[in-house]
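# Breakdown of the fold
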Amino acid sequence: MTPMDLNADLGEGFGRWRLTDDEGLLSVVTSANVACGFHAGDPATMRRVCDWAAERGVTIGAQVSYRDLAGFGRRAMDVPSAELAAEVAYQIGALEVFARAAGTRVGYVKPHGALYNRVVGDEEQAAAVVDGVLLAGGALPVLGLPGSRVLERAGRAGLRVVAEAFADRAYTDGGTLVPRGQEGAVIADPDAVVERAVGMARSGTVTARSGAPVEVRARSLCVHGDTPGAVELARRVRERLETSGVRVEAFA
């Protein structure tokens, strides 16, 4: 059975405001998507999370976003390709400084929020993200939704692509995520989240909002860090995966 990575969005704070329980989640996950200052995060937070991740052997990933602190990176934006590529490279480079200071390196890149959803189908924005990864130097893997334009573009550029699934998000029949603004987009029942995680890992399928089975072949499973009880939920997901015979380990 293919191993499964468990990732979470971390470092999503700014100044005195903190959204995620970074220490708690880093005791459970195998990969940390660290906010790089554009949708959340600041230098002190980035440094702290990188230090903790390195101490625990958790792989560090750059979670790149549109420049949208006020909207938490979840608002649709139109950014010119060259500008977006430069901003993606800038975010990766900023996180790399703190990762190196902690004795490790940035291991992959994952878009966040509105940018994540945009590059599922937008060829131009997907190309800009990949250009930004290349501009930052190093052949970093790109984590994203199966079948997305950004993974297709990254693969064509010679980068490793890693498919991701979401146990706590509703899916459409087409295998995309139901937009957050729609009812039922986020799965709130912890038991349902755990069962969906095991199903995705073992059979590569999930039940869409319509009730139809959808194929979701993924190497990494995301547990959102900003949901209530995120640490306990992540711990339950990992325990059930392991007791179900799924080896939990980082992909990078």
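Presented here is an overview of the structure given in this document. (Residues numbered from 1 in each chain as written. Predicted model: local features only at pLDDT ≥ 70, side-chain atom pairs only at ≥ 80, totals over all residues. Heavy atoms only, no water.)

### Quick word on the nonpolar core
How we decide: We define a nonpolar core as any set of buried Ala, Val, Leu, Ile, Met, Phe, Trp, Tyr and Cys residues linked to one another through side-chain atoms lying within 4.5 Å. Categorising residues by exposure relies on relative accessible area from a 1.4 Å probe, with only protein chains included: less than 20% of the type maximum marks a residue as buried, more than 50% marks it as exposed, and the intermediate range marks it as partly exposed. For this analysis, residues touch if any pair of their heavy atoms sits within 4.5 Å.
Counting 78 residues, the largest nonpolar core has L95, L221 and V237 as the members making the most contacts within it. Aside from chain neighbours lying at most four places away, what touches V237 is L6, V193, V194, A197 and L221.

### Concerning the packing of helix α7 (residues 190-203) against helix α8 (residues 230-243)
Short version of the rule: Angular values range over 0 to 180 degrees, each being the angle between N-to-C directions of two axes fitted as lines to C-alpha atoms, with helices fitted over their stretch in contact. The helix count covers DSSP runs of H or I at least four residues long, the strand count covers runs of E at least two residues long, and both are numbered beginning at the N terminus. Roughly parallel means an angle under 35 degrees; roughly antiparallel, over 145; roughly perpendicular, 65 to 115; everything else is oblique. Definitions for this section: a left-handed crossing has its near helix turned counterclockwise from the far helix by less than a right angle. A right-handed crossing has that turn clockwise. Residues are grouped as follows: Ala, Val, Leu, Ile, Met, Phe, Trp, Tyr, Cys and Pro are nonpolar; Asp, Glu, Lys and Arg are charged; every other residue, Gly included, is polar.
The interhelical angle for the contact between α7 and α8, taken along N-to-C directions, is 40 degrees, at an axis separation of 9 Å. As judged from the angle between their axes, α7 and α8 are oblique. Considering how the two elements wind past one another, α7 and α8 form a crossing that is right-handed. Taking contact as the criterion, the partners of P190, D191, V193, V194, E195, A197, V198 and A201 in α7 are, on α8, L233, R236, V237, R240 and L241. For the contact of α7 with α8, the per-class residue count stands at nine nonpolar, no polar and four charged.

### Focus: unusual backbone geometry
Positive phi is not limited to glycine here, since F72 has a value of about 55 degrees. Along the chain, the position of F72 falls in the loop between β5 (59-64) and α3 (81-101). Among the residues examined, F72 registers a relative accessible area of 13% and is labelled buried.

### A look at the packing of aromatic side chains
The cut-off we apply is this: Aromatic rings from Phe, Tyr and Trp, taking only the six-membered ring of Trp, are treated as a pair when their centres fall within 6.5 Å; an angle between ring planes under 30 degrees marks them as stacked, one over 60 as edge-to-face, and anything in between as tilted.
Inspection of the entire model under this criterion finds three aromatic pairs. With a centroid separation of 5.9 Å and 40 degrees between ring planes, the pair formed by F38 and Y90 is classed as tilted. In this pair, F38 sits in the loop between β4 (31-35) and α2 (43-56) while Y90 sits in helix α3, placing the two residues 52 residues apart along the sequence. Residue Y90 is classed as exposed on the basis of its relative accessible area of 56%.

### As for the pairing of β4
Rule in force here: Strands pair, by our definition, only if DSSP identifies at least two bridges between them.
Of all five residues in β4, five are buried, a share of seventy percent or more. Alternating positions in β4 separate into two faces, S31, N33 and A35 on one and A32 and V34 on the other, with burial throughout. Relative to β4, strand β1 (residues 5-10) runs parallel, the two sharing four bridges. Among the inter-strand pairings, L10 is bridged to a residue of β4, identified as V34. Pairing between β4 and β5: five bridges, direction parallel.

### A word on the pairing of strand β6 (residues 106-111)
What counts, and what does not: Think of it like this: strands point away, you trace from the first strand over the helix to the second, and a clockwise trace means the crossover is right-handed.
Along β6, six of the six residues are buried, which leaves the element largely enclosed by surrounding structure. At this point the chain moves from β5, through α3, to the parallel β6, and the crossover so formed is right-handed.

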